[in-house]
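This is what each chain is made of:
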Amino acid sequence: MGLFTKARRRNQSLENDGDDPAAPGWLKMLQDNSWELEILISGGAIFSLFQLSDLMIDFFYQLSYTQDFTGQRVLFMASMLAIKGLTLGFFLHVLLRSFWVSLVSLSAMFKQDKGVEPIKLSKPFANIEHSNLPRLIILLDKLSAWMMYNTFTIVFIIAGWLLLFFSILGIVIYVQQITGLTIWYPFAGILGLYVLDLFLFSGIRKTPYLSYIVYPFFKVFDYISLRFVYQKGFDFVSQHIARWKVALYYGSFILVTCMFTYLSIYRKLHWPNMFDNRGYRFSLTESEQHYSEFLYRNKTSDGRSHQASIQSDIISDPVLSLFINYSIRYDPFIDKIENPDQRFFENIWQISVDDSVYQHLEFYTIHGNNSTTMGITTYIDVGNFDQGLHTLHLINIYEPNPKGRLKMLDIPFWLDKEADQ
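Residues numbered from 1 in each chain as written. Predicted model: local features only at pLDDT ≥ 70, side-chain atom pairs only at ≥ 80, totals over all residues. Heavy atoms only, no water.

Over its 14 residues, helix α8 (residues 227–240) runs 20 Å from end to end, which matches the ideal 20 Å to within 8%, given 1.5 Å per residue. Along α8, the residues classified as buried are Arg227, Tyr230, Gln231, Gly233, Phe234, Val237 and Ser238. Against α5 (133–179), α6 (184–199), α7 (210–224) and α9 (243–265) lie the buried residues of α8. (Helix = DSSP H or I, 4+ residues; strand = E, 2+ residues; numbered from the N terminus. Expected span 1.5 Å × (residues − 1). Buried < 20%, exposed > 50% of the residue type's maximum accessible area, 1.4 Å probe, protein only. Contact = heavy atoms within 4.5 Å.)

Here we take up the packing of α6 against α8. Axes are the key here: two packed helices are described by the angle between their axes and the distance separating the axes. Two elements in contact, α6 and α8, have axes whose closest approach is 12 Å; the angle formed by their N-to-C orientations is 30°. When the axes of α6 and α8 are compared, the pair comes out roughly parallel. In this structure, α6 contributes Tyr194, Asp197 and Leu198 to the contact, and α8 contributes Arg227, Tyr230 and Phe234. Across the contact of α6 with α8, the residue classes break down as four nonpolar, no polar and two charged. (Axes fitted to C-alpha atoms, helices over the stretch in contact; angles between N-to-C directions. Parallel < 35°, antiparallel > 145°, perpendicular 65-115°, else oblique. Nonpolar A, V, L, I, M, F, W, Y, C, P; charged D, E, K, R; others polar.)

It is worth spelling out the packing of aromatic side chains at this point. How two aromatic rings sit relative to each other is set out by the distance from centre to centre and by the angle between their planes. On inspection of all chains with the given rule, the structure shows 16 aromatic pairs. Here Tyr194 and Phe218 contribute two aromatic rings whose centre-to-centre distance is 5.2 Å and whose plane-to-plane angle is 80°, an arrangement assigned as edge-to-face. Remark: Phe218 occurs in helix α7 and Tyr194 occurs in helix α6; sequence separation between them is 24 residues. By the burial criterion, Tyr194 is buried, and Phe218 matches it. Of the aromatic side chains, those joined through ring pairs into one cluster are Trp146, Tyr249, Tyr250 and Phe253. (Phe/Tyr/Trp six-rings, centres within 6.5 Å; stacked < 30°, edge-to-face > 60°.)

On the basis of which strands lie adjacent, the open sheet formed by four strands has the order β1-β3-β7-β6 and antiparallel pairing. The open sheet has two edge strands with one neighbour each: β1 (308–309) and β6 (363–367). Sheet topology note: the β6/strand β7 (residues 374–381) ladder contains five bridges and is antiparallel. Note that in β7 the partner of Phe363 across the bridge is Thr378. (Pairing = 2+ DSSP bridges.)

We now examine the side chain of Ser53. Its place among the elements puts Ser53 in helix α3 (residues 35–66). On the accessibility criterion, Ser53 (3% relative accessible area) is buried.

Side chains of Val155, Phe156, Tyr223, Phe228 and Val229 sit close together on the surface and give an oily, nonpolar patch of about 470 Å² of accessible area. Looking at the nonpolar patch, the elements with two or more residues in it are α5 and α8. Checked against the element boundaries, Phe228 lands in helix α8. (Patch = residues over 30% accessible without salt bridge, like charges linked within 9 Å, V, L, I, M, F, W, Y side chains within 5 Å. Areas by Shrake-Rupley, 256 points an atom, 1.4 Å probe, with all protein chains shown as cover. Salt bridge = Lys/Arg side-chain N within 4 Å of Asp/Glu carboxyl O.)

In this fold, Ile183 is placed in the loop between α5 and α6. Put simply, Ile183 and Ile168 are 15 residues apart on the chain and 9.9 Å apart in space, counted from C-alpha to C-alpha.

The buried count for strand β3 (residues 319–325) comes to six of seven residues, which makes it a mostly enclosed element. Of the strand pairs in this sheet, β1 and β3 are connected by two bridges, and their pairing is antiparallel. Pairing of Ser309 across the sheet is with Phe323, part of β3. Of the pairings in the sheet, the one linking β3 to β7 comprises seven bridges and is antiparallel in character. Its bridge partner lying in β7, Ser321 is registered against Tyr379.

A word on the environment of Gly43. Position of Gly43 among the secondary structure elements: in helix α3. Each C-alpha atom of the pair Gly43 and Phe91 lies 8.0 Å from the other, and the pair is 48 residues apart in sequence.

In this structure, Phe90, Trp161, Leu164, Ile168 and Phe221 are the most contacted members of the largest nonpolar core, which totals 45 residues. Going through the elements one at a time, α3, α4 (72–107), α5, α6, α7, α8 and α9 are the ones with two or more residues in this core. Per-element tally for this core: the top contributor is α5, with 11 residues. Setting aside residues up to four positions removed in sequence, Leu164 forms contacts with Leu191, Tyr194, Phe221, Ile224 and Ser225. Residues Ile348, Ile351, Tyr358 and Ile411 belong to the second largest nonpolar core, which totals 30 residues. (Core = buried A, V, L, I, M, F, W, Y, C linked by side-chain atoms within 4.5 Å.)

Enumeration according to the criterion identifies seven salt bridges in this entry. Arg278 is the salt-bridge partner of Asp276, the closest N and O atoms lying 2.6 Å from each other. Using a relative accessible area of 59% as the deciding quantity, one classes Arg278 as exposed. Among the salt bridges present, the one from Lys299 reaches Asp313, with a minimum N-O distance of 3.9 Å. With Lys299 in the loop between α9 and β1 and Asp313 in the loop between β1 and β2 (314–315), this residue pair connects regions lying 14 residues apart in the sequence.

Now the structure itself:
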């Protein structure tokens, strides 16, 4: 198959796409015989990336409980975009290259020099004087190679832009802490020009006089964002492919990658489904209470709770086993306790069932199955309540919501007192 494309490349010149006569022989040989390695790399990468996606979500889930730093969500979304972008790119590459292999196999079924009658079509269709199969094979070969390059380039682009974002963020925070000045807006303006220059194929760098103004900033940004790694590839592509086609491809690829990322994580992160067109999905009941399986440990595969949970939504025992998950985000509320000797996680909570507030509950420290999951647990006596529906209210007394009222987590449950009778 490599020999077929080699012969075609040497003998045909389509849209000025002939071989560079200055290219060394070993490079030409690699160009003609790289498809086997491409398919091997792409196939293995797709399998690994699907595994890595779940590991990355779990990693950032655990990280959110133990670390709190500016840009944490940006880092998570950028990492997921990189993983899904790679997955999508490798998938498209395998699809194109597999189709290319099938066409090469088809071309080998018959002799190339065998005369064939031209295909005659009725007007208004244009008549085909000869088969376009070789042309299509060469086109797919080029598209596959371009897809392979773009797939790896996206890693350097996202990694570089993350480095640039956190570098600027660190400088802004440091200057603000030292001088009290906010310099984010000047940096944001320069960063905006830098992004615009990338999408304009270095258009700002080509503008007289303006190039002198942006030069010191752009040179520093180039090193931090790793632009020097992928810029030569961009320049090479823009010299051989119409720039509007390149821009259209990258714009479409970014859009599809964002949608692919969203569809992959919105369920696990409990985000609303933006593609759900049901008009009354936010008006299902008159009550403002929401039911979530994560509030009940028996309904989750690993017993994991994002904030708090009880053993089940149907309680046949005379007590509730309440677990409150400890996260680093609660540290500022614990610090608000005036008495330093009382600064414990248990002392920021007010717990009630219906309108009965519990004042003297005994809390115990509990650790989960991994090193990052920990919290407190207590037992709430509900034996005196009537059978039926009740609601456990969990209030952080140091965390008001935007309307000034204390934030409340409601956990509804059904007390079944006849289960043991």
